[in-house]
Amino acid sequence: MQTSEAGPGEAAPAAPLKRADARRNHERVVAAAIEVFAELGPQATVPQIAARAGVGKATVYRSFPAKEDLVEAIARLRLEELRRETEVALGETDPGRAFHAYVLRLFETLARDRLLTGRLAEAASPAAGSVLTVLTELMQAAKASGTVREDATLLDLRVILCGAALQLMTVAERDPAVWRRYGELVLQALRP
């Protein structure tokens, strides 16, 4: 009868190595998917991601049985990162300046990430909703400081900010300076 533990002087069993290998492959797939989805959006293919990760398609499918599972995992990951950044901005001492700087950084981020741009605008996405909730809190704090118009609402923010970002993505604009310009236009639309 074989045991799973190695005795003194014996080699360790192969299973833990496979788990470490699988973990490394999973991390490579996630890192590659972040890059490829940022460049191409959700239209990116599993073969493109597998090639970028240096693994086979089967390795991708072991961690993510369907492409949509991978898209959703990466979108949630990126939106959670964005939510944390938004919370940091919410903690700033000057809410008007924080809101202004955050919106410009957000447009810079969205210029580089087609998947994040699309998912942020989705009304049904709970992860996007949590980002927009915190962003609305930041806008409300800026409103209280007098740097955002008093009648600005979450709907205004969604339509103006997400609408501009979606259009830039739709026309395949990649120049960060153009995205920043539209970030400035969004801020101008929200000024008192």
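Starting from 1, residues in each chain are numbered consecutively following that chain's sequence as written. Where local features are concerned, this predicted model is filtered to residues with pLDDT of at least 70; where side-chain atom pairs are given and counted, the filter is 80 or more; whole-chain, interface and lining totals use all residues. Where side-chain values are given, they derive from all heavy atoms of the structure, hydrogens and water being excluded.

1. Things to note about the environment of L115
- For helices the rule is a DSSP run of H or I covering at least 4 residues; for strands it is a run of E covering at least 2, with both sets numbered from the N terminus onward. Within the secondary structure, L115 sits in helix α6 (residues 114-120).
- Given a relative accessible area of 3%, L115 falls into the buried group.
- Pairs of residues are marked as contacts when any of their non-hydrogen atoms sit within 4.5 Å. Not counting residues within four places of it along the chain, the set of residues in contact with L115 comprises F37, G41, P42, V71, I74 and A75. Summary of the burial criterion: residues with accessible area below 20% of their type's maximum are buried, those above 50% are exposed, and those between are partly exposed, where the area comes from a 1.4 Å probe applied to protein chains only.

2. Structural notes on helix α8 (residues 154-170)
- Between its terminal C-alpha atoms α8 stretches 23 Å, which fits the 24 Å expected from 17 residues at 1.5 Å a residue.
- Taken as a whole, α8 has its buried residues at L157, R158, L161, C162, A164, A165, L168 and M169.
- Packing partners of the buried residues in α8 comprise α5 (95-111), α6, α7 (126-144) and α9 (176-190).
- Between the side-chain oxygen of the N-cap and the backbone nitrogen of L155 there are 3.3 Å, and the N-cap of α8 in question is T153. Expected span of a helix, by definition, is 1.5 Å for each gap between consecutive residues, and there is one gap fewer than residues. Whenever a nitrogen or oxygen atom comes within 3.5 Å of another N or O atom, the pair is scored as a polar contact, on the condition that within protein one atom can donate a hydrogen and the other can accept it, and that pairs from neighbouring residues in sequence are kept only if both atoms are in side chains.

3. Let's talk about the pattern of salt bridges
- Any Lys or Arg side-chain nitrogen located within 4 Å of an Asp or Glu carboxyl oxygen qualifies as a salt bridge. The final tally for this structure, using the stated rule, is 13 salt bridges.
- A salt bridge links R52 to E39, with the nearest nitrogen and oxygen atoms 3.0 Å apart. Of this pair, R52 sits in helix α2 (residues 46-53) while E39 sits in helix α1 (residues 14-40); the two residues are 13 residues apart in sequence, bridging distant segments of the chain.
- For the salt bridge of R119 with E68, the shortest nitrogen-to-oxygen distance reads 3.2 Å. A residue pair is termed long-range when its members are at least 10 positions apart, and R119 in helix α6 and E68 in helix α4 (residues 67-90) qualify at 51 residues.
- Under the relative-accessibility criterion, E68 is labelled partly exposed at 45%.
- Taken together, the shared-partner salt bridges connect E68, E72, R119 and E122 into one network.

4. Overview of the packing of aromatic side chains
- Any Phe, Tyr or Trp ring, taking Trp's six-membered ring, that has another such ring centre within 6.5 Å forms a pair; planes under 30 degrees apart are called stacked, those over 60 apart edge-to-face, and the others tilted. Applying the stated criterion across every chain yields a total of one aromatic pair.
- Considering the side-chain rings of F107 and W179, the 6.3 Å spacing of their centres and the 55° angle between planes classify their relative orientation as tilted. In this pair, F107 sits in helix α5 while W179 sits in helix α9, placing the two residues 72 residues apart along the sequence.
- What makes W179 buried here is its relative accessible area of 2%.
- The ring centre of Y182 lies 5.4 Å from the NZ or CZ of R181, which sits over that ring. Placement of a positive charge over a ring is assigned whenever Lys NZ or Arg CZ falls within 6 Å of the ring centre and within 35 degrees of the normal to the ring plane.

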